[in-house]
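Here's the letter readout for the chains.
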Amino acid sequence: MRKLSLLLALAATPAAAATGPFISLRNTDFIVLLAFLVFIGILLYFKVPSAIGGLLDKRAATIKAELEEARALREEAQTILASYERKQKEMIEQSEMIVASARKEAMAAAEKAKDDLKVSIQRRLKAAEEQIASAEKSAVKEVRDRAVVVAVAAAGEVIAKSMQEAEKAALIDAAIGDVETRLH
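The sections below set out a description of the structure shown in this document. This is a predicted model, so every value here is computed, not measured.

Our focus in this paragraph is the overall build of the protein chain. Check the secondary structure of the protein chain and you find five helices and zero strands. Written out in order from the N terminus, the α and β elements of the protein chain read α-α-α-α-α. Across the 184 residues of the protein chain, 3% fall into the buried class. Of the roughly 16800 Å² of accessible surface on the protein chain, a fraction of 66% belongs to carbon and sulfur atoms.

And the structure:
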């Protein structure tokens, strides 16, 4: 089978197909050449190569425009990306500043609260000391008043026991006179 297909392939070569003079309608090579030239002539007459060239040029222009548009979109995207990255960086810096400011304010508020607490404690201690001093003075006065009352009562008893009726009346009259002079 291989030998047969090899013989058929050799028999179908153009050299075996063309017989006789070249410029003859019986020569298949000449007919193929004429058909090819007519085909090329028809293509040229209907301007097919320029139409194909125009279509290819249009397609090339479309591709070029799409590439330019893609480049422009890429550049725009890069610009937008850079803008967003810049904004993100600014926002990060701004948030860091806000956090730092909040920390400073919190520290200042804590210090103020400590100072206010110290002042309040000092005021309360002072008020407590004043109350203690007042209570102490009051207690001392009360003890003195009580001592005076006791001393007067004791002195009155001693004087009453040791004094005569005439002396008592004279002392009362002197006390009344003394009160009158002090009141006027």
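The next thing to look at is the packing of aromatic side chains. Counting across every chain of the model gives one aromatic pair. Judged by centre distance (5.1 Å) and plane angle (80°), the rings of Tyr45 and Phe46 are edge-to-face. What makes Phe46 exposed here is its relative accessible area of 58%.

For the rest of this paragraph, the subject is a nonpolar patch on the surface. A cluster of nonpolar side chains, contributed by Phe22, Ile23, Leu33, Phe36, Leu37, Phe39, Ile40 and Leu44, occupies part of the molecular surface with about 810 Å² of accessible area. Within the fold, Phe22 resides in the loop between helix H2 (14-17) and helix H3 (28-45). According to the relative accessible area criterion, Phe22 is partly exposed, its value standing at 45%.

Within the fold, Asn27 resides in the loop between H2 and H3. Residue classification places Asn27 among the buried residues on the basis of a relative accessible area of 3%. Of the polar contacts made by the side chain of Asn27, one reaches the backbone nitrogen of Asp29; its length is 3.1 Å.

A few words now on the pattern of salt bridges. Taken as a whole and assessed by the stated rule, the structure comprises two salt bridges. Residue Glu68 pairs with Arg71 through a salt bridge whose shortest N-O separation is 2.6 Å. On the criterion of helical spacing, the pair formed by Glu68 and Arg71 is a turn pair, its members being three residues apart in helix H4 (residues 48-162).

About the cut-offs
- Residues numbered from 1 in each chain as written.
- Predicted model: local features only at pLDDT ≥ 70, side-chain atom pairs only at ≥ 80, totals over all residues.
- Heavy atoms only, no water.
- Helix = DSSP H or I, 4+ residues; strand = E, 2+ residues; numbered from the N terminus.
- Buried < 20%, exposed > 50% of the residue type's maximum accessible area, 1.4 Å probe, protein only.
- Areas by Shrake-Rupley, 256 points an atom, 1.4 Å probe, with all protein chains shown as cover.
- Phe/Tyr/Trp six-rings, centres within 6.5 Å; stacked < 30°, edge-to-face > 60°.
- Patch = residues over 30% accessible without salt bridge, like charges linked within 9 Å, V, L, I, M, F, W, Y side chains within 5 Å.
- Salt bridge = Lys/Arg side-chain N within 4 Å of Asp/Glu carboxyl O.
- Polar contact = N/O pair within 3.5 Å; in protein donor to acceptor, adjacent residues only side chain to side chain.

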